[in-house]
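The residues making up each chain are set out below.
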Amino acid sequence: MTSSIQLPADFAELQPYAHWALDTETARNHHRLECSVTDIEAFAGAMMAWLDEILGRLNQFPLDAIPDEWRPLYWMVLSLAEVAPVVEFYHDARVPDGYDTRRFVADESFPLRPRV
Amino acid sequence: MVGTRGIRLQQLGLDANLEGNRRNADISWLIVLSTIENGRDDAKSHLMHDRYAELGRGPLPIEPYISPTYYELEKRHIFKRVWQHVGREAEIPNPGDYFVADLPASDASLIVIRDRDGKINAMHNVCSHRFNKLVYDERGSAGRRLNCKFHGWSYQLDGRLVGVPDEQYFEDFDRGQYGLARAHADVWQGFIFVNVDPAPAVSLADFMRPFYAGLEGYPFDRMTNCYRWQTVVNCNWKLALDAFQETYHVRYVHGRSIADALRTDDNGSMLPIDLLCGDFHRRLSMAGNPKTVYGNPKALTDGNGAAKQAGTSRAGKIAPAALKAGRGATKLHFDSAELPPAINWLKDPDWVFDINVIFPEFYVSTRPNYYQAYNFRPIAHNRTLFDSRVYYPEMKNAGGRFYQEYMKCVLRDVLLEDLGTLEQIQAGCESGPRTHMVLQDYELAVRHNAFVVDRMIREGEERREAESRRKGSPSAR
């Protein structure tokens, strides 16, 4: 999978995973369903290797003022959280024996939901 | 001896004694706490069913979970009479802000709106003229007025009719008679409740405080980051709720995910610390496994030991990384001393959360650093809207949000595990190989819910019969 999103130069090694830079929970969750467990584990492994570095940079900004060029990395961090249950619990992109996640609809416009 | 059995409330029955209830409201929580304190050892040595003998012990009939007739009785005697949670005050901070609460079991769709005095109103979303919907969107701002799109009738935010085009062509017309039809609305701890009964048997305070006064002061209003998911599940509302008020299923349904986050006894059983059944509501208290991120509430906020201990039980590396990222990133710092007395009422050192079921179908799980709020809103006898929310504190930075997103995604997937069973169970009940379900001791909350629902229907039917006898008897004429 490729993405037109360009990550900051220092994080070019993560560029093959830029397709995980998705700005909503729904998009991240549905993307997880499209990926194989192998793809997901590769993404999680790469992110874990860079996580301290990424958060060190992102944490310099207030949450509501992350500059546009850094936002894709922020979304990729949230995607790491999205795939954590795949890697740690299920070893399957879906929840085994679970309810269809596409029927369990996140209210992305709920007024008390964090803006970022 | 534990529980609220000494506090009999007739609040929704025939002879509502509101004065008595108010007195009880002031003292009841103290009574509960002291009876627990006195009876602690005694309670542990007995089955929970022994403490609530009035609930019975035999198998439960499944008819109430599959019968359209029983559902009609629930609508009449419960959902058209009780207070129901519809959302948080903070969702509608400004005058004119509204959301629509659809309550199919109450045959109502309500506009919940803040007026210019800051007060919250609930009104039927039906124009008083020829019954068009006033608002079409699920939520928004009405500005200064609610305007009907059919013939332009215009209402103030509190429902008063203030504009009628061509008013002179209505004969003998009195605007005062045609405000929006109202439901009752009130707020407890920032939660908005509505009641469609024209004359509710009890106030919201009298409904909540006898059992839940001890929960007041929990920092609900400081958990401002809310995530919400909704789905319509093809099952009875009680079956859906039941899946969330017992721990027997955890080892199996959640065996791949968070089962190890709860404490087990020497036999591997996951007993709750305690369970309290009131006249309507019920509470369960849970112990966690401090070696897990999910089961150790002190992990994020407690300086040293807890964080090191948490995350040691599984091979996963993301959980500890999320925990590390979240340390110090929350804008709130919680200390167990800040929590009100009803939280972790037996003060168990491994306590992880309390489940509070507010009758009939509102579930609030209170934890030291976040809470969940679920409604199991009936749509039909075999259809339920599961409206689920989790509220966390605001985070300072990306690391904090990573931790929060981790906790949220785990929770969502765990909910999918729970939801996965429900439609199959409904089908199993409807296919009819058995007429009753058997319950073990710590599934008592399932029994309590069925018991209270059935009691309210029975009392309601008795009231109706008495009413029709009174009307039909010669002396009443």
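Please refer to the structure higher up on the page.
What counts as what
- Note on numbering: residues in each chain are counted from 1, in written sequence order.
- Think of it this way: whatever chain is written first is A, whatever ligand is written first is 1, and the rest follow in order.
- Local features in this predicted model are restricted to residues whose pLDDT is 70 or higher, and side-chain atom pairs enter the listing and the counts only when it is 80 or higher, whereas totals over whole chains, interfaces and linings include all residues.
- Only heavy atoms go into the side-chain values, all of them from the structure, while hydrogens and water stay out.
- The numbering of helices and of strands both runs from the N terminus, where a helix is a DSSP run of H or I of at least 4 residues and a strand a run of E of at least 2.
- In this setup the radius of gyration rests on C-alpha atoms only. A globule is expected at 2.2 Å times the number of residues raised to 0.38.
- Any two residues whose heavy atoms approach within 4.5 Å at even a single point are treated as in contact.
- Method for areas: the Shrake-Rupley scheme with a 1.4 Å probe, in which residue coverage is limited to the protein chains shown.
- Counting rule for charge: Lys and Arg are taken as positive, Asp and Glu as negative, and neither His nor the chain ends is counted.
- By convention, the charge on Lys lies at NZ, on Arg at CZ, on Asp at CG and on Glu at CD.
- Here, a strand pair is defined by DSSP locating no fewer than two bridges between the strands.
- Axes, fitted as lines to C-alpha atoms, cover a helix only where it is in contact. Angles between the N-to-C directions of the axes lie from 0 to 180 degrees.
- One less than the residue count of a helix, multiplied by 1.5 Å, gives the span that helix is expected to have.
- Bend is computed residue by residue as the angle between axes fitted to the seven residues ending at the residue and the seven residues starting at it.
- For Phe, Tyr and Trp, where Trp contributes only its six-membered ring, two rings pair if their centres lie within 6.5 Å, and the inter-plane angle classes them as stacked under 30 degrees, edge-to-face over 60, or tilted in between.
- When a residue's accessible area, from a 1.4 Å probe over protein chains only, is under 20% of the maximum for its type it is buried; when over 50% it is exposed; and in between it is partly exposed.
- Once two parts are put together, the accessible area they lose, assessed with a 1.4 Å probe and summed over both, is termed the buried area.
- Any carboxyl oxygen of Asp or Glu that lies within 4 Å of a side-chain nitrogen of Lys or Arg is treated as forming a salt bridge with it.
- Under the rule applied, a polar contact is a pair of N or O atoms within 3.5 Å (in protein, one hydrogen donor and one hydrogen acceptor; residues adjacent in sequence only if both atoms are side-chain atoms).
- Lys, Arg, Asp and Glu make up the charged group, whereas Ala, Val, Leu, Ile, Met, Phe, Trp, Tyr, Cys and Pro make up the nonpolar group; the residues left over, Gly among them, are polar.
- Our angle categories are set so that under 35 degrees counts as roughly parallel, over 145 as roughly antiparallel, 65 to 115 as roughly perpendicular, and the remainder as oblique.
- In this scheme, a crossing is called left-handed if the near helix is turned counterclockwise away from the far one by less than a right angle; it is called right-handed if the turn is clockwise.

Novice: Just give me the short version of the overall build of chain A, but keep the residues and values in it.
Specialist: Scanning chain A from terminus to terminus reveals three helices and one strand. Taken from the N to the C terminus, the helices and strands of chain A come in the order α-α-α-β. The C-alpha radius of gyration of chain A comes to 14 Å, within 12% of the 13 Å expected for a compact globule of 116 residues. Structurally, chain A occupies a C-alpha span of about 40 × 35 × 25 Å along its principal axes. Partitioning the intrachain contacts of chain A with sequence separation of at least 6 by distance along the chain shows that 68% fall at a separation of at least 24. If you sum the accessible surface of chain A, you get close to 5,300 Å²; carbon and sulfur atoms cover 49% of it. Of the charged side chains in chain A, 9 are positive and 19 negative, and the gap between their average positions amounts to 7 Å.

Novice: Could you give an account of the sheet that holds strand β11 (residues 191-195) of chain B, with specific residues and numbers?
Specialist: Residues and elements named next belong to chain B. With antiparallel pairing, the seven strands of this open sheet are ordered in space as β2-β11-β10-β5-β4-β3-β6. At either margin of the open sheet sits one strand with a lone partner, and together these are β2 (84-88) and β6 (139-141). Averaged over all pairs of adjacent strands, the angle between strand axes in this sheet comes to 30°, irrespective of strand direction. Summarising the sheet, strand β5 (residues 120-124) and strand β10 (residues 182-188) pair through two bridges and their orientation is antiparallel. Bridging across to β10, M123 finds its partner in R182. Contacting β10 and β11, helix α5 (residues 204-212) crosses the sheet at an angle of about 30° to β10.

Novice: How would you summarise helix α3 (residues 71-90) of chain A if you had to cite specific residues and measurements?
Specialist: Residues and elements named next belong to chain A. With 20 residues, α3 extends 28 Å from end C-alpha to end C-alpha; this agrees with the ideal 28 Å at 1.5 Å per step. Maximal helix bending in α3 amounts to about 40°, located at V83; proline P85 follows within four positions. The first or second residue beyond α3 is H91, which carries a positive phi of 50°.

Novice: Outline the sheet that holds strand β16 (residues 362-366) of chain B, supporting the account with residue identities and numerical values.
Specialist: One open sheet holds the eight strands; their spatial order is β1(A)-β12(B)-β18(B)-β17(B)-β16(B)-β15(B)-β14(B)-β13(B), and the pairing between them is antiparallel. What marks the edges here is a single partner per strand, and that holds for β1 (105-106) of chain A together with β13 (274-277) of chain B. Sheet topology places strand β17 (residues 371-380) of chain B next to strand β18 (residues 383-392) of chain B; nine bridges connect them, and they run antiparallel. Bridging across to β18 of chain B, F376 of chain B finds its partner in F386 of chain B.

Novice: I'd love a proper account of the packing of aromatic side chains, names of residues and values included.
Specialist: Residues and elements named next belong to chain B. Across all of its chains, the model carries 39 aromatic pairs over all chains by this definition. Geometrically, the ring pair formed by W153 and F173 is edge-to-face, given 5.7 Å between the ring centres and 75° between the ring planes. Of the two residues, W153 is situated in the loop between β7 (146-147) and β8 (154-155) and F173 in the loop between β9 (161-163) and β10; the sequence distance between them amounts to 20 residues. You can call W153 buried: its relative accessible area is 3%.

Novice: Hey, could you go over the interface of chain B and chain A for me, with residue numbers and the actual values?
Specialist: At the junction of the two partners, chain B supplies 52 residues and chain A supplies 42 residues. In total, chain B and chain A occlude about 4,000 Å² of area from one another, counting both sides; carbon and sulfur atoms represent 62% of this. A per-residue breakdown of the area chain B buries against chain A is headed by R256, I318 and L416 of chain B, which together make up 17% of the total. Across the chain B-chain A interface, the total number found is nine salt bridges. Residue D107 of chain A is joined to R228 of chain B by a salt bridge in which the shortest nitrogen-to-oxygen separation is 3.0 Å. Run the count over chain B and chain A and you get 26 residue pairs in polar contact (both at pLDDT 80 or more). For the side of chain B that touches chain A, the secondary-structure elements that each account for two or more residues are β12 (225-233), α9 (318-326), β18 and α10 (398-431) of chain B. If you tally residues by element for the side of chain B that touches chain A, the top one is α10 of chain B, at 19 residues. Looking at side-chain class alone, the side of chain B that touches chain A contains 23 nonpolar, 12 polar and 17 charged residues. Pairing of β1 of chain A with β12 of chain B involves two bridges; the strand directions are antiparallel. Note on β12 of chain B: the bridge partner recorded for A106 of chain A is W229 of chain B.

Novice: An account of the environment of F353 of chain B is requested, with residue identities and associated values reported.
Specialist: Residues and elements named next belong to chain B. When you line up the elements, F353 lands in strand β15 (residues 351-358). Given a relative accessible area of 10%, F353 falls into the buried group. Along the primary structure F353 and W229 are separated by 124 residues, whereas in three dimensions their C-alpha atoms are 21 Å apart. Those residues in contact with F353 that sit more than four places away from it in its chain are L262, L284, S285, M286, Y363, S365, T366 and R367.

Novice: Go over the packing of α9 of chain B against α10 of chain B, please, and point to the residues and values.
Specialist: Axis angle and axis distance: for two packed helices, these are the angle between their axes and the distance between the axes, and together they describe the pair. Residues and elements named next belong to chain B. Contact geometry of α9 with α10 gives a least axis separation of 7 Å together with a crossing angle of 140°. The pairing of α9 with α10 is recorded here as oblique in orientation. The interaxial crossing formed by α9 with α10 has left-handed handedness. The segment α9 lies against α10, with I318, A319, A321, A322, L323, A325 and G326 engaging G399, G400, F402, Y403 and Y406. Among the residues forming the contact of α9 with α10, the class breakdown is nine nonpolar, three polar and no charged.

Novice: Go over the pairing of β2 of chain B with me, naming the residues and quoting the values.
Specialist: Residue and element names in this part refer to chain B. Burial analysis of β2 places five of its five residues in the buried class, which makes it a mostly covered element. The sheet contact formed by β2 and β11 spans four bridges and is antiparallel. Note on β11: the bridge partner recorded for H85 is F193.

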